[in-house]
Amino acid sequence: MAAMTAVDAPVSATYANDRKHVFHSWSSQGTLKPMVIAGGEGSWFWTEDGKRYLDFSSQLVNINIGHQHPKLVAAIQEQAGKLCTIAPGHAHEMRSEAARLIAELAPGDLDMVFFTNAGADATDNAIRMARLHTGRHKVMATYRSYHGASGGSIAVTGDPRRWPNETGVSGVVHFTGPYPYRSAFYADSEAQETERALAHLRHTIMVEGPSTIACIILETVVGTNGILIPPPGYLQGVREICDEFGIVYIADEVMAGFGRCGEWFAVDHWDVTPDLITFAKGSNSGYVPIGGVIISQRIADSFKERQFPGGLTYSGHILGCASVVASIGIFKEEGIIEHARMLGTDVIAPALAKLQEKHPSIGDVRGLGVFWALELVRNRETREPLVPFNATGADAAPMAELIAACKERGLYPFTHFNRMHVVPPCNTPVDEVLQGIEIIDEVLDLADARYTG
Ligand SMILES: Cc1ncc(COP(=O)(O)O)c(C=O)c1O
C-alpha cells in the first residue's frame, strides 16, 4: 500500500494550490484527492512522485494517439510560432484544411464543418441547426446517453448527470435505446432487440407528434453509459424513421469517432449516413480544445440565405485546427484506424473473453476497436450489477476497491457504475494492452469475492 499513500497524499504546492483554488468538474470539492500529473508519453503518464500509470482511460477517452505525440506537438508549436488566433469570421489555411480533411472523411454529403470548442457546444449547435432547419422544437435522445454539460447538452443527456441540472429546458423527450444484455423490451436476441427498440421509438414519435420533432441525437456507440453497441439494423432503422418523418438524425461521435471504434466515424461500421455528426475528443487527442459539427449539404443549404444564429469567439481556433490537420495526417501515416481495429478483433476481444471464462463476476463483455466494457455482476443468472445504478459512497465501494487496486499496480482504469471500460489510446502497442488486461485479471478477484451466484 506504500504506492497508494504516495499517490493520495498531498505532496506539493501544486496539490495544495489545487485544493485551495481549483474547482473541479463533477466533484464534491472537499473530498477530492486529485493525482498530480507531471508528464506523459504514449500510453503512459506519471505523477510528480514518479509513479507511472498505463492509461487505460485515454484520460477522458480522448487521447486517441496517446500523450505527447511528437508530430502533433510539433505542429501545434509550429502554428503557435506563426499565428495563434484569428476571429471566427476570417479564413485561414489551417481552418480550411481541417474542414476539408474532415469533410473528405465524413460519409455522404456531410461536407461542411462548424467548429466548436468541445463536444457539449457541438451538441448545442447541432440541435440549433436541426431546429432551424426543420422549424420544429423537440429533441429526442436516449436515457443511457451523455451529450455534454452545457445548459442545452445536459438537458438532452439521458444519464443521472442531468438530474441536478433539470432547469426546465423544454422539448426534450427521452426514450429507451437498445441494450441487449439488459433488454428493456424482453428481447432474447439482437434481432428482437432491434425490432422492438425501433417499434418503441416509432411509438414515442407517434405520441409526441412527428411534426413537432426536430431531431434524434444518438451516440453511435454509447460511451460512458456502457459501450452499448447498436444491434444490427438499429441505426439503419433510425435512419429510415428519420427520413419517413422529416426528422434530423444527429450522430454524437464525440467519444466514438476518430478511431475509437476502429473506423474514422463509428457510423462507418454500420454504413449509415446521419444528417449531422458531432465530434471533439479524438479529432486531435485533446491537445488543444476543439470540437465541431459536420453538416450535410441539405442542412447547410438552410443557412445559405438566412443567417445561422450561433457563434463562438474560438470557432475554428487555428491552433486547434492545426492540431486536427496534423492528427489526421498521423492517423493516415501510422495506420491508427487499422491498428485500433486490429486491437479490437485480435487482442482485446480474445483476451477479455478469456477473462470472462475465468471470472464469474464478468457478466458481459462487449466492444469494438479500442472501446470495450466489462459489465460486472454479483450473479450471472439474475445479472444483478456489482453496484447499483448510479451508486455513490458505500454502495460504490466494490468499484472503488477495483480502481484502487488497479492504481496500486500502475494501471489507470476507466469505470462507470458497475462497469470497467477498456479504452486505451488507439495506438497502444499490443504488449501494453495485454499488460493492462493482465492487471485487470488480477484485480477482478476482488469482484469475484463479492459474487453470490
Ligand atoms: C458522447 C459525448 N458527447 C458529448 C460529450 C461532451 O464533450 P465535452 O466534454 O468535450 O464538452 C462527451 C464527453 O464525454 C461525450 O462522451
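Shown above is the structure to which this text applies.
Since we're looking at a predicted model, the values are computed, not measured.

Criteria and thresholds
- Residues numbered from 1 in each chain as written.
- Predicted model: local features only at pLDDT ≥ 70, side-chain atom pairs only at ≥ 80, totals over all residues.
- Heavy atoms only, no water.
- Pairing = 2+ DSSP bridges.
- Helix = DSSP H or I, 4+ residues; strand = E, 2+ residues; numbered from the N terminus.
- Axes fitted to C-alpha atoms, helices over the stretch in contact; angles between N-to-C directions.
- Contact = heavy atoms within 4.5 Å.
- Buried < 20%, exposed > 50% of the residue type's maximum accessible area, 1.4 Å probe, protein only.
- Phe/Tyr/Trp six-rings, centres within 6.5 Å; stacked < 30°, edge-to-face > 60°.
- Lys NZ or Arg CZ within 6 Å of the ring centre and 35° of its normal.
- Expected span 1.5 Å × (residues − 1).

Novice: Explain the sheet that holds strand 9 (residues 276-279) here, please?
Specialist: Whether parallel or antiparallel, the strands of a sheet pair through hydrogen bonds between backbone atoms. Taken in spatial order, the 7 strands make up an open sheet running 4-10-9-8-7-5-6, and their pairing is mixed. Every interior strand has two partners, whereas the edge strands, strand 4 (110-116) and strand 6 (172-175), have only one. Ignoring strand direction, the axes of neighbouring strands in this sheet form an average angle of 20°. Pairing analysis gives 3 bridges linking strand 8 (residues 248-252) to strand 9, with the strands arranged parallel. From the neighbouring strand, Ala-251 faces strand 9, where its bridge partner is Ile-277. Strands in contact with helix 5 (residues 93-105) are strand 4, strand 9 and strand 10 (291-296); relative to strand 4, the strand with the most contacts, it is inclined by about 130°.

Novice: Got a minute to help me understand the sheet that holds strand 14 (residues 411-412) in this structure?
Specialist: What the 4 strands build is an open sheet, ordered 1-2-3-14; its pairing is mixed. Only two strands of the sheet have a single neighbouring strand rather than two, namely strand 1 (37-41) and strand 14. In this sheet, strand 14 lies alongside strand 3 (residues 52-55) in parallel orientation, the contact comprising 2 bridges. Its bridge partner lying in strand 14, Leu-54 is registered against Leu-411.

Novice: What should I look at first to understand the environment of Thr-313 in this one?
Specialist: With respect to the secondary-structure elements, Thr-313 resides in the loop between helix 10 (297-301) and helix 11 (318-334). For Thr-313, a relative accessible area of 56% gives the class exposed. Residues Thr-313 and Ile-86, spaced 227 residues apart in sequence, show a C-alpha to C-alpha distance of 8.9 Å. Excluding residues within four positions of it along the chain, Thr-313 makes contact with Ile-86 and Pro-88.

Novice: Before we go on, may I ask you to explain the side chain of His-147 in this structure?
Specialist: Topologically, His-147 is positioned in the loop between strand 5 (138-142) and helix 7 (151-156). Judged by its relative accessible area of 3%, His-147 is buried.

Novice: Got a minute to help me understand the packing of aromatic side chains in this structure?
Specialist: The geometry of an aromatic ring pair comes down to the distance between the two centres and the angle between the two planes. In total, this model carries 11 aromatic pairs according to the counting rule given. With 6.5 Å between their ring centres and 90° between their planes, Phe-258 and Trp-264 make a pair best called edge-to-face. Judged by relative accessible area, which is 1%, Phe-258 ranks as buried. Counting every residue linked through ring pairs, the aromatic cluster contains Phe-115, Phe-258, Trp-264, Phe-265, Phe-279 and Phe-331. Cation over ring: Lys-51 sits above Tyr-53, and NZ or CZ is 5.4 Å from the ring centre. Above the ring of Tyr-146, the side-chain terminus of Arg-161 is found at 3.8 Å from the ring centroid.

Novice: Looking at this structure, how should I read helix 14 (residues 430-448)?
Specialist: Two residues of an α-helix separated by three or four positions point the same way, owing to the 3.6 residues in each turn. Along its 19 residues, helix 14 runs 27 Å from first to last C-alpha, staying within 8% of the 27 Å computed at 1.5 Å per residue. For helix 14, the set of buried residues is Glu-432, Val-433, Gly-436, Ile-437, Ile-439, Ile-440, Asp-441, Val-443, Leu-444, Ala-447 and Asp-448.

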